[in-house]
Amino acid sequence: MFSKSIMKSLNYKQLSFLKNLWSKKKVEHGKFSIVVQPGKVSPQKKVPDHISKPSYYATGHPTEFIDHPEIKNLEQIQKMRNSCKLAANILKKVGSYVKVGVTTDDVDNFTHDLIVSSGAYPSPLNYKNFPKSVCTSVNNVACHGIPDDRKLEDGDIINVDITVLYNGYHGDCSKTFLVGNVDDLGKELVKATETCLEEAISICKPGVKFCKIGERIEHKAKDLGFTVVPAFIGHGIGHYFHGPPDICHFTNDYPGEMRAGMTFTIEPVLSTGGEEIVILDDGWTAVTLDFSRTAQFEHTVLITDTGVEIMTI
Ligand code: MF3
Ligand code: CO
Ligand code: CO
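Residues numbered from 1 in each chain as written. Chains lettered and ligands numbered in written order. Predicted model: local features only at pLDDT ≥ 70, side-chain atom pairs only at ≥ 80, totals over all residues. Heavy atoms only, no water.

**Overview of the packing of aromatic side chains**
Enumeration over the complete set of coordinates arrives at eight aromatic pairs. An angle of 90° between the planes, with centres 5.7 Å apart, marks the rings of Y57 and Y121 as edge-to-face. Placement of the pair is Y57 in helix α2 (residues 56–59) and Y121 in strand β1 (residues 121–122), with a sequence separation of 64 residues. The class of Y57 is partly exposed, set by a relative accessible area of 23%. Among the residues examined, Y121 registers a relative accessible area of 0% and is labelled buried. Ring pairs connect the aromatic residues Y56, Y57, Y121, Y127 and F241, which therefore count as one cluster. The lysine or arginine in question, K53, covers the ring of Y57, its NZ or CZ lying 5.3 Å from the ring centre. Of note, K99 hangs over the ring of Y97, and the distance from its end group to the ring centre comes to 5.1 Å. (Phe/Tyr/Trp six-rings, centres within 6.5 Å; stacked < 30°, edge-to-face > 60°. Helix = DSSP H or I, 4+ residues; strand = E, 2+ residues; numbered from the N terminus. Buried < 20%, exposed > 50% of the residue type's maximum accessible area, 1.4 Å probe, protein only. Lys NZ or Arg CZ within 6 Å of the ring centre and 35° of its normal.)

Laid out in structure tokens, this is it:
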């Protein structure tokens, strides 16, 4: 999820200018191809009548609303388990589909069809007018990349973020995949990001403050030589796609603590460079200001009586 507190918008010309500056500075961010301009986006898909739709399907505006972190009962938890399991299974299949030469639009088609044929709705589709069914973020795209006609290249890293709405509940997860031969820095970044997510999950249990997650992630990221991109935060999830609590991935003083029955996501984005991002003209694609690469991993978790359950596994 995007936190509005850090928001800048640059157009293609301004970005090309920065890209020039950046290459002259010869900052060492590894060997990879920089994404500057979004490609061609194919027409928006329809979802068949028999699939139940979220509030925003026709309007783009979600109306599901909650004002405090929800404690789910057993029936709700079971529904969350089913949605999360579905999202995780689909992410696994998409992971083996990702390869050199496949476009991110192909990834979107593949994912959309899998979700719909499972009887679920692809949550991103028309959520706040997002035009596609999945987010695909390549190299220096930090988050919310829109699938387009760009072919995956040898050495790319790509985050695929899948959310499904199944039986009235959303399940949300993402991984960053290596495409072909990725350089060492890219591989280290991807591994470090997954480690940060795992460490954060390991401290979750009833009574722990939400803000402890960010502290843990920031320290670990620094230890491993990477930077947390603060604009992207985890979120409560349920019959709503995004709700309280906010889960910051950096040192913070967000109030409140974990209780059994809460479900939320943890989804850190780490970069090899700075922490700043800009949003492209499409209103979604977030790229790093210094064109450094980023990776992201996400799980939906449940706080249990004694600890934590990773739901998207
Ligand atoms: N799945 C993303 C998250 O983890 C949200 C994507 S919103 C969309 O919060 F509209 F871009 F799909
Ligand atoms: Co997600
Ligand atoms: Co999320």
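**Describing the packing of helix α5 (residues 184–202) against helix α6 (residues 211–223)**
Two measures define how a pair of helices packs: the angle their axes make with one another and the distance between the axes. One can describe the packing of α5 onto α6 by two numbers: an axis separation of 9 Å at closest approach and a directional angle of 145°. The handedness of the crossing between α5 and α6 comes out as right-handed. Contacts from T195, C196, E199, A200 and S202 in α5 reach I213, R216, I217, K220 and A221 in α6. When grouped by side-chain class, the residues that make up the contact of α5 with α6 number five nonpolar, two polar and three charged. (Axes fitted to C-alpha atoms, helices over the stretch in contact; angles between N-to-C directions. Left-handed = near helix turned anticlockwise from the far one by under 90°. Contact = heavy atoms within 4.5 Å. Nonpolar A, V, L, I, M, F, W, Y, C, P; charged D, E, K, R; others polar.)

**Regarding the pattern of salt bridges**
By the definition in use, this model includes 13 salt bridges. The closest approach of N and O atoms between E218 and K222, which form a salt bridge, is 3.0 Å. Of this pair, E218 and K222 both sit in helix α6, four residues apart, roughly one helical turn. Taking the shortest distance from any N to any O, the salt bridge between R259 and E257 comes out at 2.7 Å. Residues participating in the shared-partner salt-bridge network are R150, E153 and D156. (Salt bridge = Lys/Arg side-chain N within 4 Å of Asp/Glu carboxyl O.)

**Some thoughts on the packing of helix α3 (residues 74–97) against helix α4 (residues 104–117)**
For the pair α3 and α4, the least separation of the axes is 10 Å and the interaxial angle reads 150°. Judged by the angle between their axes, α3 and α4 are roughly antiparallel. You can see that α3 and α4 cross each other, and the crossing is right-handed. Contacts from I90, K93, V94 and Y97 in α3 reach D106, V107, F110, T111, L114 and I115 in α4. Of the residues that constitute the contact of α3 with α4, the class distribution is seven nonpolar, one polar and two charged. (Parallel < 35°, antiparallel > 145°, perpendicular 65-115°, else oblique.)

**Regarding the nonpolar core**
Core analysis: the largest hydrophobic core is formed by 27 residues, its most contacted members being C204, I213, I217, M258, F264, I266 and L270. Those elements that place two or more of their residues in this core are α5, α6, β9 (263–266) and β14 (299–303). Looking at this core, the element that brings in the most residues is α5, giving seven residues. Apart from residues no more than four positions distant in its own chain, C204 is found in contact with I213, M258, F264, I266, I303, G307 and V308. (Core = buried A, V, L, I, M, F, W, Y, C linked by side-chain atoms within 4.5 Å.)

**Some details on the coordination of the cobalt ion (ligand 2)**
Each angle at a metal carrying four tetrahedral donors should ideally be 109.5 degrees, and each at a metal carrying six octahedral donors should ideally be 90 or 180 degrees. Looking at the metal site, the cobalt ion (ligand 2) is ligated by D161 (OD), D161 (OD), D172 (OD) and E298 (OE), spaced 2.1 to 2.4 Å from it. Every donor counted, the six donor atoms about the cobalt ion (ligand 2) form angles of 59 to 165° at the centre, which fits irregular coordination. One chain supplies every donor for the cobalt ion (ligand 2), spaced along it as D-x10-D-x125-E. In this structure, the cobalt ion (ligand 2) is positioned 3.3 Å from the cobalt ion (ligand 3), and both are ligated by D172. Here the residue D172 occupies a position in strand β5 (residues 169–178), and E298 occupies one in the loop between β13 (294–296) and β14, the gap between them amounting to 126 residues. Of the two residues, D172 and E298, both sit in the buried class. (Donors = N, O, S within 2.8 Å, 3.2 Å for Na, K, Ca; no water. Tetrahedral: all angles 85-135°; square planar, octahedral: opposite > 155°, others 65-115°.)

**Points about the coordination of the cobalt ion (ligand 3)**
Coordination of the cobalt ion (ligand 3) by the protein comes from D172 (OD), H235 (NE2), E267 (OE) and E298 (OE), over a distance range of 2.0 to 2.3 Å. Coordination geometry of the cobalt ion (ligand 3): the six donor atoms subtend angles of 51 to 162° at the metal centre, consistent with an arrangement described as irregular. Each donor residue of the cobalt ion (ligand 3) lies on one chain, and together they are spaced D-x62-H-x31-E-x30-E. You can call E298 buried: its relative accessible area is 1%.

The analysis is restricted to geometry; functional conclusions fall outside its scope.
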